[in-house]
Every structure is written in C-alpha cells, then in structure tokens.
Amino acid sequence: MLGLDVGDRRIGVSYADGLGLTAQGLETFERKGLEYDLRYMSGLIANRGVKTLVVGLPRNMDGTEGPQSQKVREFIGQVLSRLENYPAPEIVWWDERLTTVAAHRIMLEGDLSRKKRKGKVDKIAAVLILQGYLDRLAYRRKD
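From a predicted model like this one, the values you see are computed outputs, not experimental measurements.

Novice: Please give an account of the pattern of salt bridges that cites residues and values.
Specialist: Per the counting criterion, the structure on display carries 7 salt bridges. Lys 71 serves as the salt-bridge partner of Asp 8, at 3.4 Å between the closest nitrogen and oxygen. In this pair, Asp 8 is assigned in the loop between strand E1 (2-6) and strand E2 (10-16) and Lys 71 in helix H2 (residues 67-81), connecting sequence segments 63 residues apart. Of the charged contacts, one joins Asp 37 and Arg 31 as a salt bridge, the two residues approaching to 2.9 Å between their closest N and O atoms.

Here's what the structure looks like:
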C-alpha cells in the first residue's frame, strides 16, 4: 500500500508496514516532466506490488474540488494507464486538507531548519494521508 501527496513540483510517497498499522515515509520525488514522472510512478507501483494506492485529494475548505483536484485525478489516471501487465491498484481518494500545514507543524516542533523542511514536507504529508487511511481501517475493524 502506498500513499501519495501529488504536487506540481514534488510527489511525497509513503508506504504501509507489513501489518498495515503504520505509514512510513519512502521518498520525496522531484518531478522532471510528465513522461518521466508517469514512467517512474507506474514503475514504482508495479515494482512494489501495490494493491491499494491512497492519494491525497486537495479540496477547498468548503469540501469542493478545485482545479488542483482535477490535476491530481488526471495524473493518477495517466499513471494507471501506464501499468502494463500489472493489475491496477484500488484507488482511495483521501481528503488532504491541512496535511501540509500539519507536516510543517511537525517539522517545526522537531526544530528542522527551513532548508531541511522543504525537502521533507511532501513525504511527511504523504505519511499523514496514508496514516489517516490506516487509522480508519483499524477503527472499522474494531466494530
């Protein structure tokens, strides 16, 4: 299971541990161009055997989807279309409102410099997105 925080310049990537209890940061992928990005992300999904992809969906504060949400949906659709000889994973769209704000807060509390925060915020946001989903799954299992 992977979690993604898709941005225009970077994509934060996280993964779930083997038990599906905790999310771990994998990387902050620096985008280089659509073709390269699509090839890289589809390869990552196939090589890791991803069955579920939890994608942060940027929503407006009133809950509506804006232009950035559409960009993310289109990008993920293009990634999935590149998966050759590999079954497309289940896509879970996760409301990512305020995850970047929370990621910055976590890093500030950890006393990271501005320079160090820049390269990690997307990966931490991806961890928050995936962990939110994992927590919801755990809560449902308790019922």
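Novice: Explain the layout of surface pockets to me, and be specific about the residues and the numbers.
Specialist: By volume, the largest pocket amounts to about 220 Å³. In this structure, the largest pocket is lined by 12 residues; those nearest its centre are Asp 5, Gly 7, Asp 8, Arg 10 and Asp 122. Going through the elements one at a time, E1 and helix H5 (121-142) are the ones with two or more residues in the lining of the largest pocket. Residues that form the lining of the largest pocket fall into these classes: 3 nonpolar, 3 polar and 6 charged.

Novice: Any chance you could break down unusual backbone geometry for me, citing the residues and the numbers?
Specialist: Not every positive phi belongs to a glycine, and Asn 85 is a case in point at roughly 55°. Note on placement: Asn 85 falls in the loop between H2 and strand E5 (90-95). Of the residues examined, Asn 85 reaches a relative accessible area of 83% and is grouped as exposed.

Novice: Which residues make up the pairing of E1, and what values go with them?
Specialist: For E1, the tally of buried residues reaches 5 of 5 residues, placing the bulk of the element in the interior. In E1, alternate side chains face the same way, and those of Leu 2, Leu 4 and Val 6 on one face and Gly 3 and Asp 5 on the other are all buried. In this structure, E1 lies alongside E2, joined through 5 bridges in antiparallel fashion. Bridge pairing links Asp 5 to Gly 12 in E2. The loop that links E1 with its antiparallel partner E2 comprises 3 residues.

Novice: So, the environment of Leu 134: which residues are in play, and what are the values?
Specialist: With respect to the helices, strands and loops of the structure, Leu 134 is situated in helix H5. Leu 134 gets classed as buried once you look at its relative accessible area, which sits at 1%. When the C-alpha atoms of Leu 134 and Gly 20 are compared, they prove to be 6.6 Å apart, with 114 residues separating the residues in sequence. Leu 134 has contacts with Met 1, Ala 16, Gly 20, Leu 21, Thr 22 and Ala 23, leaving out every residue within four places of it along the chain.

Parameters and conventions
- Residues numbered from 1 in each chain as written.
- Predicted model: local features only at pLDDT ≥ 70, side-chain atom pairs only at ≥ 80, totals over all residues.
- Heavy atoms only, no water.
- Salt bridge = Lys/Arg side-chain N within 4 Å of Asp/Glu carboxyl O.
- Helix = DSSP H or I, 4+ residues; strand = E, 2+ residues; numbered from the N terminus.
- 1 Å grid on protein atoms, 1.4 Å probe; cavity = no way out; pocket = protein on both sides within 12 Å on 5 of 7 lines; lining within 4 Å.
- Points joined across faces, edges and corners; volume = space filled by probe spheres on them.
- Nonpolar A, V, L, I, M, F, W, Y, C, P; charged D, E, K, R; others polar.
- Buried < 20%, exposed > 50% of the residue type's maximum accessible area, 1.4 Å probe, protein only.
- Pairing = 2+ DSSP bridges.
- Contact = heavy atoms within 4.5 Å.

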